[in-house]
Amino acid sequence: GNSVTQMEGPVTLSEEAFLTINCTYTATGYPSLFWYVQYPGEGLQLLLKATKADDKGSNKGFEATYRKETTSFHLEKGSVQVSDSAVYFCALQYNFNKFYFGSGTKLNVKP
Amino acid sequence: DSGVTQTPKHLITATGQRVTLRCSPRSGDLSVYWYQQSLDQGLQFLIQYYNGEERAKGNILERFSAQQFPDLHSELNLSSLELGDSALYFCASSPRGSGEPTGELFFGEGSRLTVL
């Protein structure tokens, strides 16, 4: 079946530190991959996406590359800010209308 | 603002009761998805509707039901509530139920249900 596995949190970093949140997936066929972010008290919102192998999604300094050979879509940011503190969800879209989400990784950034 | 509206934002009720959560999708979006987010189980897909018809079903309990109306708003009905049903319930909409492989979901702010 299809599934998404992401690293457990919380992840605590100091401001300006490098961030990596690991995400791996299991899927048949060629899914699209997404990172969603949930700020405190809000719903999830799309952060970035990639639709095929070797695509790189990027937004707000965050990046993730669709790696088919390792079935991964790790989220990275070179220098995190306090305002990046949130819960990050990796997700895949399969067969157009089926979405599968990881369990979420909470990021705490300290000043 | 995602354009997806959920009501109520907060709801406190007792075990054994029944509640209805309402969702209005973004204007023009035909698909509505319902998700349950609890502390220990992450984001669980419950059910999806497309233009009034059930399209996909996930881990939805038999005590729960949903429907999408002709004006495309959706309601999630939760009955015989148990303590474990306490969670944040999200609605999300997308432009199509099938078609664009690069579609994204637009989430509402959620309805927080507390069962005492």
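Located above this text is the structure these notes cover.
Attention here is on the structure that accompanies the text. Here the residue numbering is sequential within each chain, running from 1 through the sequence in written order. Just so you know, chain letters begin at A and ligand numbers begin at 1, following the order they were written in. pLDDT decides what is reported in this predicted model: residues at 70 or higher carry local features, side-chain atom pairs at 80 or more are listed and counted, and totals for whole chains, interfaces and linings draw on all residues regardless. Note that the side-chain values use all heavy atoms of the structure and ignore hydrogens as well as water.

### Observations regarding the overall build of chain A
Applicable threshold: Helix numbering and strand numbering both begin at the N terminus, where a helix is a DSSP run of H or I of at least 4 residues and a strand a DSSP run of E of at least 2. When we talk radius of gyration, it's over C-alpha atoms, and the globule rule is simply 2.2 Å times the number of residues to the 0.38. Throughout, exposure labels follow a simple rule: accessible area from a 1.4 Å probe, protein chains only, divided by the maximum for the residue type, with under 20% read as buried, over 50% as exposed, and the rest as partly exposed. We call two residues in contact when some of their heavy atoms are within 4.5 Å. Every accessible area reported is derived by Shrake-Rupley at a probe size of 1.4 Å, with residue values counting cover from the shown protein chains alone. Charge convention: Lys and Arg are scored as positive, Asp and Glu as negative, and His as well as the terminal groups of each chain are ignored. By convention, the point assigned to a charge is CZ for Arg, NZ for Lys, CD for Glu and CG for Asp.
Helix and strand counts for chain A come out as 0 helices and 12 strands. If you list the helices and strands of chain A from N to C, you get β-β-β-β-β-β-β-β-β-β-β-β. Over its C-alpha atoms chain A spans a radius of gyration of 13 Å, differing by no more than 12% from the 13 Å that the globule rule assigns to 111 residues. Taken over the C-alpha atoms alone, chain A extends approximately 45 × 25 × 20 Å along its principal axes. Buried positions account for 44% of the 111 residues belonging to chain A. Expressed as a percentage of contacts within chain A between residues at least 6 apart in sequence, the contacts between residues at least 24 apart total 54%. By element, 47% of the accessible surface of chain A is carried by carbon and sulfur atoms, the whole surface being about 5,200 Å². One way to put it: in chain A the 10 positive side-chain charges average out to a point 6 Å from where the 10 negative ones average out.

### What to know about the overall build of chain B
A tally of helices and strands in chain B yields 0 helices and 11 strands. Its helices and strands in sequence order give chain B the pattern β-β-β-β-β-β-β-β-β-β-β, from N to C terminus. For a compact globule of 116 residues, the expected C-alpha radius of gyration is about 13 Å, and chain B comes in at 13 Å, within 12% of that figure. Along the longest, intermediate and shortest principal axes, the C-alpha atoms of chain B span 40 × 30 × 25 Å. Sorting the 116 residues of chain B into buried and exposed places 49% on the buried side. Residue pairs in contact within chain B that sit at least 24 positions apart in sequence constitute 56% of those at least 6 positions apart. In chain B, which carries 9 positive and 13 negative side-chain charges, the distance between the mean positions of the two groups comes to 2 Å.

### Digging into the sheet that holds strand 8 (residues 74-78) of chain B
Residue and element names in this part refer to chain B. Spelled out, the test is: Pairing between two strands is assigned when DSSP locates at least 2 bridges connecting them. Note on geometry: axes are lines fitted to C-alpha atoms, helical ones only across the stretch in contact, with angles between N-to-C directions running from 0 to 180 degrees.
One open sheet accounts for 4 strands, arranged 1-3-8-7; its pairing is antiparallel. Single-partner strands in this sheet number two, and they are strand 1 (5-7) and strand 7 (64-68). The sheet shows a mean angle of 15 degrees between the axes of neighbouring strands, direction not considered. Here strand 3 (residues 19-24) runs beside strand 8; their pairing, made up of 5 bridges, is antiparallel. Across the sheet, residue Val19 finds its bridge partner in strand 8, namely Leu78.

### Let's talk about the state of the cysteines
Our working definition: Working definition: a disulfide is two cysteine sulfur atoms within 2.5 Å of each other.
Here the structure, examined in full by the defined rule, presents 2 disulfides over all chains. Each sulfur of the disulfide joining Cys23 of chain A and Cys90 of chain A lies 1.9 Å from the other. Here the S-S torsion is close to -70 degrees, and the disulfide linking Cys23 of chain A with Cys90 of chain A is therefore left-handed. A residue pair is termed long-range when its members are at least 10 positions apart, and Cys23 of chain A in strand 4 (residues 23-26) and Cys90 of chain A in strand 10 (residues 86-94) qualify at 67 residues. A relative accessible area of 1% places Cys23 of chain A in the buried class. Covalently, Cys23 of chain B is tied to Cys91 of chain B through a disulfide, its sulfur atoms 1.8 Å apart. Its torsion about the S-S bond being -55 degrees, the disulfide of Cys23 of chain B and Cys91 of chain B is classed as left-handed. Of the two residues, Cys23 of chain B is situated in strand 3 and Cys91 of chain B in strand 9 (residues 87-94); the sequence distance between them amounts to 68 residues.

### Here we look at the interface of chain A and chain B
Using the following cut-off: Defined here as a combined quantity, buried area equals the accessible surface (1.4 Å probe) lost by two parts on assembly, summed across both. A pair is scored as a salt bridge if a Lys or Arg side-chain nitrogen falls within 4 Å of a carboxyl oxygen belonging to Asp or Glu. Think of a polar contact as two N or O atoms within 3.5 Å of one another; within protein, one of them needs to be a possible hydrogen donor and the other a possible acceptor, and neighboring residues in sequence only count if both atoms come from side chains.
Each partner contributes to the interface: chain A provides 18 residues, whereas chain B provides 22 residues. With both sides pooled, the region where chain A packs onto chain B buries about 1,600 Å², and carbon together with sulfur makes up 56% of that total. There are 0 salt bridges connecting chain A and chain B. Counting every contact that joins chain A to chain B gives 2 residue pairs in polar contact (both at pLDDT 80 or more). Among the secondary structure elements, those contributing two or more residues to the side of chain A that touches chain B are strand 5 (32-38), strand 6 (44-50), strand 10 and strand 11 (98-101) of chain A.

Keep in mind these values describe shape, not function.
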